Amino acid sequence: MHVALDSCLFPVCAAHGKSVVTVEGVGNTDTGLHAVQRRLLENHGLQCGFCTPGFVMSAFTLLRNHPAPSRRQVERSIEGNLCRCTGYRPIIEAFSSFSPEVCPMGSQCCRNRDRLEKTPSVDKKLIAENEDQVPIFPPELQVSDAYRSGQAVFGSGEITWYRPVSLRQLLQLRDTFPSALLVMGNTTTGFAIKKHEFDGPLIYGGDVTELKRCDVTDVGITVGGGCTMNELEEQLPVLEAKVKEEWKRRHINVFNEMLSRYAVQQIRNCATVGGSLCCGRNDSDISTLLHTLPTVVTIASLSGERTVPIQNMKLGKGEIITKVLIPHSEKREYSWYWKVAGRRSFSLAIVNGAASATIGTDNTVTRLRISFGGIAKGKVYSTDLTSFNKKKWNDDLLHGVLGRLTAALESVNGQQEDKYREAVASAFWFKFYAKVTTELQLSTANDYQSLLTPLYREGYHSRQTHEQPTSTDAVGRETRVKHGDVAVSGQAMYADDVPAEKGELSVALVLSTKARAKILNVDTSGALMMEGVRAYLDHRDLAAPGTHGTIIKDQPIFAIGEVLFWGQPIGAVVAETRELAVRAAAKVSVLYEDLEPILTIQEAIEKESYFGPPMEMVEGDVEAALAKSDVVFQGEYATGLQDHMYIEPHAAVARLREGGEMEVTVTGQSIRHDQEAIAELLGIPNHKTTVRVKRLGGGFGGKESISPAVSVITALAAKKTGKSARLVLPREVDMAFKGKRHPMLGVYKVGVSNDGILEAIDVKLYSNAGYAVDLSWPILENAVTSFESGYKVRALRVVGRACKTHTASNTAFRGFGHPQGVLVMEDIVTRAAAVTGLTPEVIRERNLYKDGDMAPCGTLMKNVTLPLLWRECKQGSHYEQRLKDVEDFNKQNRWKKRGIAMTATKYAVGFGLPTYNQGAALVNIYLDGTVLVEHGGIEMGQGLNTKCIQVASRTLGLPEEKIYTWESSTREIPNAIVTAGSMGFDLYGPAVKIACETLIERLKPVREAMPDDPWEKQVKAAFQQRVPMSATGYNRPPDKDHFSMAKKNGNKQDYFTYGAVCTEVEIDVLTGENQVVRTDIFVDLGSSVNPAVDIGQIEGAYVMGLGMVTSEDMRVNAEGQNMHCSPLLYKIPSVTSVPRSFNVTLVKNPYDIKTNIYSSKSVGEPPLILSMSVITAIKHAVGAARAQQGQEGYFRMDSPATVQRIAELCGEQIHTKK
């Protein structure tokens, strides 16, 4: 049995006696790549590469267990792997190629062969698919019981780990160490282990075979308490086969349903039945189900065994759960399990439920049980329904139970429960009633078809369309990312992969637990007395002013006298190990004096708390246009926080060298800013401060201005102790410490004509900047100047204010303010459609930008492809027919609704600040003919290095294999401009080209003198003739004035990237659950330098935006604490979130356009705006649900459209009889 595990859930001691295979053992660049790794490369299934090893291991494990998996098995195997870059499409397709359901030819599929021919460099060291380089299962584990038969003990002097192998040994240990932590699945105890919040030793019960036994008895099935969820799932078909009567198997069927929704494969391989029952979570899937079935739990200790109903289960001293007995279902018993979560997979339940009903032959209820998880604090909730025994199974029962549930749930534990959970619980009962009614044949299947049919889950498919290149060189081709080989084999180096030096120290932060307060005292004694703790750092260790910042240096590295947001660093502990540093940081005690914080935009407006004066952009006479408009309306719209959730957290490694030199590896998008901050705050000259980045595991703007804080603290630790230092932020610290996407509030007044022309918009945009300016001014400026998106407004006034609050300083994020403004604009369009009786698509189409229009920022629009893209999208997506299909679907389905929307966008690409329009590169030719390209940009998954190599390949006339990029460093490229705003390739691609052209010009005489000789010989000849073979390239685009919003002069952008999209969604009107059914994207990227990279960027940006407007809900409580600072609580899209049909077309630009290089356009950020169509389509679906309740017209749906918000706006669809 091969199992994929999360390393954080499986302590290394638990691996005793097991064979462990890591990604390096699957395949690597030295011994060759496995077919799984190759398929990822062939399908361009990686970008930054940080998450890639996890995907490889999940797919590899699947194939070891199921060599010919189904498509469902493929998707399920990777549901537990998160990716923030790719949008999942190429990953799904890569692994689905192993499924015979995709192609019966399997590995010989023509698509695989075609990709093989296109990427020959992948196959130089490729293992044939019928071979296997994975080491055989160790013989000593096969032929000897030595590792399994005896108890094992591991000790560090501080912690002791016991591994018993028999139940008797386990019970003896539990009796000897009653307060010891019992590690089974570790899904809950892992938190205590991580924080070292436990007393005594650790006892591991995962190798006690008696606890894994499952069997069938006369009364039911018994499941061992140590059985993992996946082991149980594997056993259920075997157990089911032993039960002859079909009606007795129904509990097994409902168990299968529960397991299909229980966490994900990597967690199911760890989580155990007993551990899940003991964890105490009120939303445990298995606990909710077992509380509904008359489950009996067997509890054992050295004193013996006892059995109790699960409702009465309580463990005493030295006791453990050995097994549970799940009774066979009765002959006329019906049961069901159901779950609603913020994301369709890999998500804790908001509410889960299980129900069981036993019904007599006369359709009279004998017994009815319903349990809910996620409702009552600390326990599964059940309500007494015995009064409904002997009642007929009919609509009176339906409404009677609804009324009982409503009354009971209104006040659980004496507290008013939120209305969404109450509504979902009622919906669950209604669905269970419909299911049983249908099975009893008391109604036709059609009566409840849409109620019982799951959300759309058709097989995944996609299409990518682009022009084939006309040239024979590398530019324009689907070249794979250059770090692909090392990424799929786990050999790619990121900041925390830098090998540790002898004596290296670790750093952990001490964070504020107040939103605003004076610091009265910091007691570090508890930390400093711990053995191995070397130092405590705070603002007193830094040179004045102790702050950093991109525009204004108003962000303290450490709090100075006052904390300004919850999660602000107050100090840092330096210790010999990472774990010790974290534990010591928790020992630092801070005494505060509370001050009143400002937390929301509304509070900031009331108290006039702003950064800087208002920003205003005006086009036309707004008042006059409003006065003559046929219809005028007013409204508001709000957007929420979004976390960058890059997979690699912030990290830095600092090395103190001779003469006070400092070398720091960082995770920053601007090595210049890191260098300047370190040099200034540590008193080290810039030329003695080297900052370097190999690559980032994602950035998206979140590593642009925040990185200096991490790198300064790490360098300070190295300087103060004289030792190398490392700081890697735990995910929850990373999320609490840094800012997010700015929430915005739009307050608007709009005038529109009866035929849908947008005559006038007067709007105020308020952004929540947080406690510091950071990049809030340019972000707000971008939101103001790009507010109207792809639609021409005849008269427009946009006023922006940056609100100062006591929250983390919100910062750059993919889209840079544009998405928030567009969401307000799209809400205006939706409302304009409602008041004019037109569809939103008609409004959009009639107001699309075209050639000759003047943008409000003062740009004359030229070479506008929006009308072309709109037509192509409308035709290619079959919008008009699908709109009719959606309307028919909604007429026929009361409980499921679909929505469809088309939107368009223009995205301004370019830095409005002239200083930022420069880029440098260094190109070296070596005597063997190979070439090294260095530039000031940062590779973070966007393919910057890959495209720069393509440029060098074309310019030098060399194959790409001869060209390499090493890293970005302030030593090679000084004063580099930040990699942001989709400008990386636009700045550094031309610089590489200029450097290569310089070299070619120098080599020209030599090459002309020996034209028939190979490149390598020409290079050596040039060296002998003392021709310099190192050149810098400096890209200085033509001068342009600094953009002025007021004067409308200067250039805000270099050009526009245009796009159009059609998105279709399906929602459950009772629960708000939703699925994107299909997406068709049409984008004008000019001449794509690398279509594979660009399409990957489009898909990744779209799915990131999909998360922004649906599942990525993040809120700050009344005390100022962010309540979603962990992946457990914050839900980015997963494999199951993406459109089930995902199609991307790169439309040929018909104009002779001039851009920064090769007529190509930037792609990193513009496509994210197209994902705003998801929430627009959801509005369409919700509108259909409201219409069947008689609620017509506009309604406000702020972003994100969570399941709660969708269900609330759908209204009360179930009406209880009074």
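Residues numbered from 1 in each chain as written. Predicted model: local features only at pLDDT ≥ 70, side-chain atom pairs only at ≥ 80, totals over all residues. Heavy atoms only, no water.

Asker: Quick question: what am I supposed to make of the overall build of the protein chain here?
Answerer: Counting secondary structure elements, the protein chain contains 38 helices and 42 strands. Taken over the C-alpha trace, the protein chain has a radius of gyration of 31 Å; the compact-globule value for 1218 residues is 33 Å, and the two agree within 12%. Referenced to the eigenvectors of the C-alpha coordinate spread, the extents of the protein chain come out at roughly 95 × 80 × 70 Å. In the protein chain, buried positions account for 62% of the 1218 residues. (Helix = DSSP H or I, 4+ residues; strand = E, 2+ residues; numbered from the N terminus. Rg over C-alpha atoms; globule rule 2.2 N^0.38 Å. Buried < 20%, exposed > 50% of the residue type's maximum accessible area, 1.4 Å probe, protein only.)

Asker: How should I be thinking about helix α37 (residues 1172-1187) in this particular structure?
Answerer: An α-helical turn contains 3.6 residues, so a residue and the one three or four places further along point in the same direction. In this model, α37 (16 residues) spans 23 Å end to end at C-alpha, consistent with the 22 Å of a helix rising 1.5 Å per residue. The element α37 is extensively covered by neighbouring structure, given that 13 of its 16 residues are classed as buried. (Expected span 1.5 Å × (residues − 1).)

Asker: How should the nonpolar core be read in this particular structure?
Answerer: Considering soluble globular proteins, one finds that nonpolar side chains tend to be buried as a cluster. Within the largest apolar cluster, 288 residues are counted, with the highest numbers of intra-cluster contacts made by F95, F255, W393, W429, L682, F787 and Y1102. Take this core: its biggest share by element is 11 residues, from helix α17 (residues 419-439). Look past the residues within four positions of F95 in its chain and what remains in contact with it is V36, L40, F55, V56, A59, V74 and I78. Among the nonpolar cores identified, the runner-up in size contains 32 residues, and C948, I949, C996 and V1027 belong to it. (Core = buried A, V, L, I, M, F, W, Y, C linked by side-chain atoms within 4.5 Å. Contact = heavy atoms within 4.5 Å.)

Asker: I keep staring at unusual backbone geometry and nothing clicks. Help me out?
Answerer: A negative phi angle is the norm for most residues apart from glycine, just as the trans form is the norm for most peptide bonds. The step from A544 to P545 runs through a cis peptide bond, and the omega angle for that step is 10°. Position of P545 among the secondary structure elements: in the loop between β19 (533-537) and β20 (547-548). Between S1199 and the following residue, P1200, the backbone shows a cis peptide bond with an omega angle of 10°. Locating P1200 in the fold gives a position in the loop between α37 and α38 (1203-1210). Despite not being glycine, F346 shows a phi value in the positive range, around 55°. Tracing the backbone through its elements, the reader meets F346 in the loop between β10 (333-341) and β11 (349-359). Positive phi is not limited to glycine here, since Q441 has a value of about 60°. With relative accessibility at 69%, the residue Q441 sits in the exposed group.

Any link to function would need more than the numbers given here.
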